Amino acid sequence: MKQDSDLRNNLKSIRTRLGMSQQDLANIASVTRQTISGVESGQYAPSVAITLRLAKALGCQVEDLFWLDRDLPEIEAVLAKPVPNGQQLRVSMARVGGQWIAYPLIGKDAFRQDMIPADGEAVAVDGSLGISKLMNPKGEGTSQIGTNKVRVRLLDDNLDTLHNTVVIAGCAPVISLWARATERWHPQLRVQYNFANSMAALHSLCRGEAHIAGMHLYDPETGEYNTPFVRDVLVGREAVLITLGVWEEGLLLKSGNPMGIRTVTDLVAGGATIVNREIGSGSRMLLEQRLQKEQIPFDAVQGFDNVLKSHQDVAQAVVGGVADAGMSTASVATAFGLGFIPLHQSRYDLVILKEYLEEAPVQQLLSTLGHRMVHSQFEILGGYDISKIGEVVATV
């Protein structure tokens, strides 16, 4: 029988995993090798009897071998980042503010240390920027400005998981530790951590791409952390700031500090080469503030324009000898076995729109800030003061 265009199978994958040839499987299932070849290639739809024989021969359920493509849901979503028109791409999914958001898994966004599993496959259907009208499950329309609309074919019937996903944008490596500890405590909860510097995270929150933004920006004019920046970006929207911890920021140096660097002035005096962070990051802002305080021109520092986009990348550049120094945190220095000169203590806050606070997944995540399991992960890492973790420090 000719293959149903919607019928898909996993026969070859399971067979090869068991070390069986097509002829081996054919012999056990009492069919011809041509039957096995036809099923695997999608040219032949097996009868019920053959389907049952194949499942028994492979020691699995029929549902493990065959499924209908149309059984997997398709949903309309908004891309968090632009992609080339018509490009097929892997995406992870979450529901934020009443609409589905698709996060392209491209380049570094596709990895942490290992590759991130996709929730679905998306094809851009409207590459133009503008206002796109979306329909939520209740049939209510929502508008999103300046986004790409996509149709996402889910790879699994996992809508419950997607509804229970909390999206955090931020740059603190401890966010992933918090997320994993939380998922152990609440197995039904999924935390998606999208890497972004402080300002990028805040703008992602404002655009409706995240439930929570993590940031560590200091305003020397007011002496406040984070709040002035939140007020400027989230104009007319209400949010709360909850402290994750206070971390030490400063200069990462080669182990043993062979150049004897103690201050930012020493960077110039000793001819040290640095790597910098991108505009909008708290580390770059701190470096610029320190250089301005010492009246040192930015271009007097070798490597000032050599930009990297994460704390880990900065540390790896120093470890690998690409640079003599870079701005990061004490915990990152410890993790990479580097020297560290503290320059400032920064408060790392979680910014959450008030409209998200009552959502059950967000409440579950925030409730774990008081758990010992989370505290122990921070404490053993070092470089963090978590005495006020979970405290609401401001509302805007």
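This one's a predicted model, so the numbers in the text were calculated from it and none came from an experiment.

Caption draft 1: View of the layout of surface pockets. In this structure, the second largest pocket encloses a volume near 170 Å³. Residue assignment for the lining of the second largest pocket shows that the elements contributing at least two residues are β4 (88–96) and β10 (165–170). Residues that form the lining of the second largest pocket fall into these classes: three nonpolar, five polar and two charged.

Caption draft 2: Just the side chain of Arg15, in detail. With respect to the element layout, Arg15 can be found in helix α1 (residues 11–17). Assessed through its relative accessible area of 7%, Arg15 is described here as buried. Sequence-distant contacts of Arg15, defined by excluding residues within four places in its chain, comprise Met20, Ser21, Gln22, Leu25, Glu40 and Leu58.

Caption draft 3: The packing of aromatic side chains, seen in detail. Taken as a whole and assessed by the stated rule, the structure comprises five aromatic pairs. Note on Trp247 and Tyr348: the rings are 5.2 Å apart at their centroids and 70° apart in plane angle, and the pair reads as edge-to-face. Taken together, the residues Trp247 in strand β15 (residues 239–253) and Tyr348 in strand β19 (residues 339–353) connect sequence positions 101 residues apart. For Trp247, a relative accessible area of 0% translates into the label buried. Classification of Tyr348 by relative accessible area gives buried; the value is 0%. Geometrically, the ring pair formed by Trp247 and Tyr384 is tilted, given 5.7 Å between the ring centres and 55° between the ring planes. Pair noted here: Trp247 is in strand β15 and Tyr384 is in strand β20 (residues 384–385), with a separation of 137 residues, a long-range link. As far as the burial class goes, Trp247 and Tyr384 line up, both buried. Here the aromatic residues Trp247, Tyr348, Phe378 and Tyr384 are joined through ring pairs into a cluster of three or more.

Caption draft 4: Seen up close, the packing of helix α7 (residues 174–185) against helix α15 (residues 372–381). Packing of α7 against α15 leaves a shortest axis separation of 9 Å and a crossing angle of 150°. The orientation of α7 relative to α15 falls into the category roughly antiparallel. Along this stretch, α7 crosses α15, giving a crossing that reads as right-handed. Residues Val174, Leu177, Trp178, Ala181, Arg184 and Trp185 of α7 pack against Met373, Val374, Gln377, Phe378 and Leu381 of α15.

Caption draft 5: Inspection of the environment of Pro82 at higher detail. Mapped onto the elements of the fold, Pro82 is located in the loop between β3 (74–79) and β4. The exposure class of Pro82 is exposed, given its relative accessible area of 69%. A C-alpha to C-alpha distance of 9.8 Å links Pro82 and Tyr103, two positions 21 residues apart in sequence.

Caption draft 6: Broad picture of the side chain of Arg277. Along the chain, Arg277 turns up in strand β16 (residues 274–277). Polar side-chain contacts of Arg277 include one of 3.4 Å to the backbone oxygen of Leu308. Those residues in contact with Arg277 that sit more than four places away from it in its chain are Phe195, Asn197, Ser283, Arg284, Val307, Leu308, Lys309, Ser310, His311 and Val314.

Caption draft 7: Quick peek at the environment of Asn276. Looking at the secondary structure, you find Asn276 in strand β16. Once you skip the residues sitting within four places of it in the chain, Asn276 turns out to touch Arg284, Leu287, Gly303, Phe304, Asn306, Val307 and Leu308. Separated by 3.0 Å, the side chain of Asn276 and the backbone oxygen of Phe304 make a polar contact.

Caption draft 8: Broad picture of the pairing of strand β18 (residues 325–329). Burial analysis of β18 places five of its five residues in the buried class, the great majority of the element. Neither face of β18 is exposed, since Ala325, Met327 and Thr329 on one face and Gly326 and Ser328 on the opposite face are all buried. Across two bridges, β16 lies against β18 in parallel orientation. Bridge pairing in β18 links Val275 to Gly326.

Caption draft 9: The arrangement of helix α14 (residues 360–367) in detail. Listing the buried residues of α14 in full gives Pro361, Val362, Leu365 and Leu366. The arc that holds every buried residue of α14, seen down its axis, measures 130°, which confines them to one face.

Here is what the cut-offs are and how they apply
- Residues numbered from 1 in each chain as written.
- Predicted model: local features only at pLDDT ≥ 70, side-chain atom pairs only at ≥ 80, totals over all residues.
- Heavy atoms only, no water.
- 1 Å grid on protein atoms, 1.4 Å probe; cavity = no way out; pocket = protein on both sides within 12 Å on 5 of 7 lines; lining within 4 Å.
- Points joined across faces, edges and corners; volume = space filled by probe spheres on them.
- Helix = DSSP H or I, 4+ residues; strand = E, 2+ residues; numbered from the N terminus.
- Nonpolar A, V, L, I, M, F, W, Y, C, P; charged D, E, K, R; others polar.
- Buried < 20%, exposed > 50% of the residue type's maximum accessible area, 1.4 Å probe, protein only.
- Contact = heavy atoms within 4.5 Å.
- Phe/Tyr/Trp six-rings, centres within 6.5 Å; stacked < 30°, edge-to-face > 60°.
- Axes fitted to C-alpha atoms, helices over the stretch in contact; angles between N-to-C directions.
- Parallel < 35°, antiparallel > 145°, perpendicular 65-115°, else oblique.
- Left-handed = near helix turned anticlockwise from the far one by under 90°.
- Polar contact = N/O pair within 3.5 Å; in protein donor to acceptor, adjacent residues only side chain to side chain.
- Pairing = 2+ DSSP bridges.
- Arc of directions from axis to C-beta.

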